[in-house]
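Secondary and tertiary structure notes
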Amino acid sequence: MSEFGVLALQGDFREHLAALDGLGVKARMVRTLDELKAVDALVIPGGESSVIDRLTRNYGLAQPIKERITAGMPTYGSCAGMIMLADRLENPAVTSTGEQQQTLGGIDMLVRRNAFGRQVDSFEHTLKFADHDLTAVFIRAPEAVQVGPDVAVLSTVPAPDSRAQGRIVAVRQGNLLATSFHPEVTGSRAIHEFFVNLTRGDA
Ligand code: GLN
């Protein structure tokens, strides 16, 4: 049985703890290196990725998380968490001193932050994820605009033009799962269930 953790520096980590709890999985908050060491699967919540980036580095967690990801720790990133798992960002935030936002990386993809517009452009969309139809909530959501050959596209939303592929909003690469949207704020537990199964080698 895996010990689950939710990175709890910023964002809606409580909703992820509740979503996992609803599946009978007790997860702990991860804010320190010792707490990271105690878990073998991690959720990175939605929030503001540039803040999560800065805090993970300030708390000395960025490098250890990267090492765990490289070593195969199952990790799920939702929205800002998806941004954190991207190997490349199209439009990283830049501070007034010129410092660029960094990611933890792990998924071979190029991500565009805020790809669907601003907070006021937040929307819900019913999409296919594995065998489920689920209502997904997008809040200043990112999009995977390019994915590498080892990345499986799990969900898309229709593109405004005729691109047959649609816009990529859920991906998996090995033990890493990322969604543009926020399953933790809806009643559907399909994504968390998929992640739990993934940690058991069942997905
Ligand atoms: N746009 C935010 C970012 O860049 C993500 C928004 C979210 O997590 N709801 O981090």
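Please read these numbers as outputs of a predicted model, since none were measured by experiment.

The next thing to look at is the nonpolar core. Formed by 30 residues in total, the largest nonpolar core has its most connected members in Leu7, Leu36, Leu42, Ile65, Ile107 and Met109. The dominant element in this core, judged by the number of residues it contributes, is helix α5 (residues 80–85), at 5 residues. In contact with leucine 42, other than residues within four places in its own chain, are Gly5, Val6, Leu7, Val30, Leu36, Ile65, Met73, Pro74, Thr75, Tyr76 and Phe195. Counting 29 residues, the second-largest nonpolar core is a separate cluster that includes Phe13, Ala115, Ala141 and Val157.

In the numbering used here, UniProt assigns the "active site" (unreviewed entry) feature to Cys79, His182 and Glu184. The largest pairwise C-alpha distance within this set of annotated residues, which runs over 106 residues, is 10.8 Å, so the set is compact in three dimensions. Residue placement: histidine 182 occurs in the loop between β12 (176–179) and α6 (190–199). We classify histidine 182 as buried; its relative accessible area is 6%. Setting aside chain neighbours within four positions, we find histidine 182 in contact with Asp12, Gly46, Ser78, Cys79, Val137 and Ile139. Examined against the element boundaries, glutamate 184 turns out to sit in the loop between β12 and α6. For glutamate 184, a relative accessible area of 4% translates into the label buried. Each residue touching glutamate 184, except ones within four places of it in the same chain, is listed here: Asp12, Glu15, His16, Gly46, Ser78, Arg189 and His192.

Okay, the site of the ligand next. In the neighbourhood of the ligand, the contacting residues comprise Gly46, Gly47, Glu48, Ser49, Cys79, Ala80, Ile83, Arg113, Asn114, Ile139, Arg140 and His182. At 2.9 Å, a backbone N or O of glycine 47 approaches an oxygen atom of the ligand. Arginine 113 places a polar side-chain atom, nitrogen or oxygen, 2.9 Å from an oxygen atom of the ligand. Contact with the protein chains removes 97% of the 300 Å² of surface that the ligand exposes when unbound. When the residues that make up the shell around the ligand are grouped by side-chain class, the tally is 4 nonpolar, 5 polar and 3 charged.

This next bit is on the pattern of salt bridges. Scanning the model with the defined rule gives 11 salt bridges in all. Among the salt bridges present, the one from aspartate 21 reaches lysine 26, with a minimum N-O distance of 2.3 Å. Of the residues examined, lysine 26 reaches a relative accessible area of 65% and is grouped as exposed. Here arginine 112 ties to glutamate 90 by a salt bridge, and the two come within 2.6 Å at their closest N and O atoms. Taken together, the residues span a long stretch of sequence, with arginine 112 in strand β6 (residues 107–112) and glutamate 90 in the loop between β5 (86–89) and β6 at a distance of 22 residues.

Cut-offs used in this document
- Numbering of residues begins from 1 in every chain and follows the order in which that chain's sequence is written.
- Local features in this predicted model are restricted to residues whose pLDDT is 70 or higher, and side-chain atom pairs enter the listing and the counts only when it is 80 or higher, whereas totals over whole chains, interfaces and linings include all residues.
- With hydrogens and water set aside, each side-chain value is computed from the structure's full complement of heavy atoms.
- The term nonpolar core refers to a set of buried residues drawn from Ala, Val, Leu, Ile, Met, Phe, Trp, Tyr and Cys, joined through side-chain atoms within 4.5 Å.
- Accessible area is worked out with a 1.4 Å probe on protein chains only. A residue is then buried under 20% of its type maximum, exposed over 50%, and partly exposed in between.
- Helix and strand assignments follow DSSP, with helices taken as H or I runs no shorter than four residues and strands as E runs no shorter than two, numbered in order from the N terminus.
- Any two residues having at least one pair of non-hydrogen atoms within 4.5 Å are treated as being in contact.
- UniProt positions are given in the numbering used here, feature names are shortened, and annotations may be inferred rather than shown by experiment.
- Any residue with at least one heavy atom within 4 Å of a molecule or strand is counted as near it.
- Polar contacts, as used here, are pairs of N or O atoms within 3.5 Å; protein pairs need one atom able to donate a hydrogen and one able to accept it. Residues neighboring in sequence count only if both atoms are side-chain atoms.
- Every accessible area reported is derived by Shrake-Rupley at a probe size of 1.4 Å, with residue values counting cover from the shown protein chains alone.
- Residues were grouped as follows: Ala, Val, Leu, Ile, Met, Phe, Trp, Tyr, Cys and Pro as nonpolar; Asp, Glu, Lys and Arg as charged; and all remaining residues, including Gly, as polar.
- The salt bridge criterion pairs a side-chain nitrogen of Lys or Arg with a carboxyl oxygen of Asp or Glu, the two atoms within 4 Å.

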